[in-house]
Amino acid sequence: MPAFGKHGIVGGYVPVRSDWTIEQDWAAYTPAEHATWKTLFDRQIALMPGRACQAYLDGLRTLPIGADTIPDFARLSDALMRRTGWQIVAVPGMVPNEVFFDHLANRRFPAGQFIRQPHELDYLQEPDVFHDVFGHVPMLTNPVMADFMQAYGEGGKRAEKLGVLDRLARLYWYTVEFGLVEEAGQIRIFGAGILSSFSETTFALDSASPNRLGFDLRRVMRTLYRIDEFQESYFVLPSIDSLLDFARTDFAPVYDGLAAQPDIAASQVLGTDRVFTRGTGAYHQALNA
Ligand code: FE
């Protein structure tokens, strides 16, 4: 099961550059690596219609991201720069928080340079080029997501100083990585952790097991999450545009208000929640059995 999206320090790795970037060295990818990309791309693209949100589909269609080869970050950056002023930079895997935040604050998205091995199609410890490019990059063509991601980088630095990074990280987790959104009366996916996962794409939308709850900023900032398994609860935004509020919000008063509030278990449904689906919890109960 995917554990994508958590940023943190790679054990023992000594970066060559202080911003942890490396060359993508596109010409060095092997035919086998391009073939792995194609396998992942083909099975995932078939799931997207009717499940991925429109902003994602529009982004994917209009960027140089295709089935046959791992995308070239230079070409992607040219296309994104014209749209929303973002660039893609290559990194070896997860990077330290302060490095990650600094890239985002400067509208640079750090994408894993490597691609998973053929035996890891459904599970991987660190975000690779498929998760980062197929999952995240299309949404960066959306002006609201583009601003939100930059604001998250700036907010991350502030939250770290205030000692409340866990609060802000939950916002990222339940939106950028595992977010759902209402669109034309349906629930659609915009989170990259879902969109880059074959099994979670159907679990998040179609399974009776997880909760699907209306998004509420303070509630989400109190909610624990799983990094090693499917989510027990997903949160549904009213629209992608609603992320703009968070890009413009100073969270300091929010953090203060939450200081005395207990965490909420990932599986819990509150009386105050707007419930789209109350999950059976069967999937996670079976894991613990
Ligand atoms: Fe991610």
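Look above for the structure.
The shown structure was predicted, so the numbers you read here are calculated from the model rather than taken from an experiment.

Peer 1: Is there a simple way to explain unusual backbone geometry in this structure?
Peer 2: Glycine aside, residues mostly have negative phi angles, and peptide bonds mostly take the trans form. Within the chain, Asp25 stands out as a residue other than glycine whose phi angle is a positive 55 degrees. Checked against the element boundaries, Asp25 lands in the segment before α1 (31–45). Phi angles above zero are rare outside glycine, and Ala184 is one such case at about 50 degrees. Checked against the element boundaries, Ala184 lands in the loop between β3 (180–183) and β4 (186–189). Residue Ala184 is classed as exposed on the basis of its relative accessible area of 82%.

Peer 1: Which parts of the structure should I look at to understand the environment of Lys157?
Peer 2: Residue position: Lys157 is located in helix α6 (residues 143–162). The partly exposed category is assigned to Lys157, whose relative accessible area is 32%. With 52 residues separating them in the primary sequence, Lys157 and Ala105 have C-alpha atoms 9.2 Å apart. Not counting residues within four places of it along the chain, the set of residues in contact with Lys157 comprises Phe101, Asp102 and Ala105.

Peer 1: Got a minute to help me understand the sheet that holds β3 in this structure?
Peer 2: Across a sheet, paired strands are connected by hydrogen bonds in the backbone, their directions being either parallel or antiparallel. The strand order across the open sheet formed by 5 strands is β4-β3-β6-β5-β7, and the pairing between neighbours is mixed. Edge positions in the sheet fall to β4 and β7 (275–277), since each has one partner strand and no second. Averaged over all neighbouring strand pairs, the angle between strand axes comes to 35 degrees, with direction disregarded. Taken together, the 2 bridges between β3 and strand β6 (residues 233–237) define a ladder with parallel strand orientation. In the strand pairing of β6, Leu180 is matched with Val236. With respect to the sheet, helix α9 (residues 198–206) is in contact with β3, β4, β5 (211–214) and β6, its orientation differing from that of β5 by roughly 65 degrees.

Peer 1: Where do I start with the packing of helix α4 (residues 97–105) against α6 in this structure?
Peer 2: Each pair of packed helices can be summarised by the angle the axes make with each other and by the distance between the axes. Where α4 contacts α6, the two axes come as close as 7 Å, and the packing angle between them is 145 degrees. In this structure, α4 meets α6 at a crossing whose hand is left-handed. Residues Asn97, Glu98, Phe100, Phe101, Asp102, Leu104 and Ala105 of α4 pack against Met149, Gln150, Tyr152, Gly153, Glu154, Gly156, Lys157 and Glu160 of α6. Grouping the constituent residues of the contact of α4 with α6 by class yields 6 nonpolar, 4 polar and 5 charged.

Peer 1: Help me out: how do you make sense of the side chain of Glu232 in this one?
Peer 2: Structurally, Glu232 can be placed in the loop between α10 (217–221) and β6. Leave out the neighbours within four places in its chain, and Glu232 touches Pro210, Asn211, Arg226, Ala266, Ser267 and His284.

Peer 1: Help me out: how do you make sense of the environment of Tyr29 in this one?
Peer 2: With respect to the helices and strands, the residue Tyr29 is situated in the segment before α1. A C-alpha to C-alpha distance of 8.8 Å links Tyr29 and Phe114, two positions 85 residues apart in sequence. Those residues in contact with Tyr29 that sit more than four places away from it in its chain are Gln24, His34, Ile70 and Gln113. Engagement of the side chain of Tyr29 in a polar contact is seen with the side chain of Gln24, the distance being 3.4 Å. Among the polar contacts listed, one links the side chain of Tyr29 to the backbone oxygen of Gln113, at a separation of 2.5 Å.

Peer 1: Teacher, can you tell me more about helix α2 (residues 54–62) here?
Peer 2: For an α-helix, the turn length of 3.6 residues means that residues three or four places apart are oriented alike. For α2, every residue scored as buried is listed here: Ala55, Tyr56, Gly59 and Leu60. The buried residues of α2 occupy an angular sector of 130 degrees when the element is viewed end-on, so they sit on one face. Where α2 is buried, its residues meet α1, α5 (129–136) and α8 (192–195).

Peer 1: Quick question: what am I supposed to make of the pairing of β6 here?
Peer 2: Successive side chains on a regular strand alternate, one facing one side of the sheet and the next facing the other. Burial runs high along β6: 5 of the 5 residues are buried. By the alternation rule, side chains of β6 split into Ser233, Phe235 and Leu237 and Tyr234 and Val236, which are all buried. As paired strands, β5 and β6 are joined by 4 bridges and run parallel to one another. Bridge assignment links Arg212 to a residue of β6, and that residue is Tyr234.

The rules behind the values
- Residues numbered from 1 in each chain as written.
- Predicted model: local features only at pLDDT ≥ 70, side-chain atom pairs only at ≥ 80, totals over all residues.
- Heavy atoms only, no water.
- Helix = DSSP H or I, 4+ residues; strand = E, 2+ residues; numbered from the N terminus.
- Buried < 20%, exposed > 50% of the residue type's maximum accessible area, 1.4 Å probe, protein only.
- Contact = heavy atoms within 4.5 Å.
- Pairing = 2+ DSSP bridges.
- Axes fitted to C-alpha atoms, helices over the stretch in contact; angles between N-to-C directions.
- Left-handed = near helix turned anticlockwise from the far one by under 90°.
- Nonpolar A, V, L, I, M, F, W, Y, C, P; charged D, E, K, R; others polar.
- Polar contact = N/O pair within 3.5 Å; in protein donor to acceptor, adjacent residues only side chain to side chain.
- Arc of directions from axis to C-beta.

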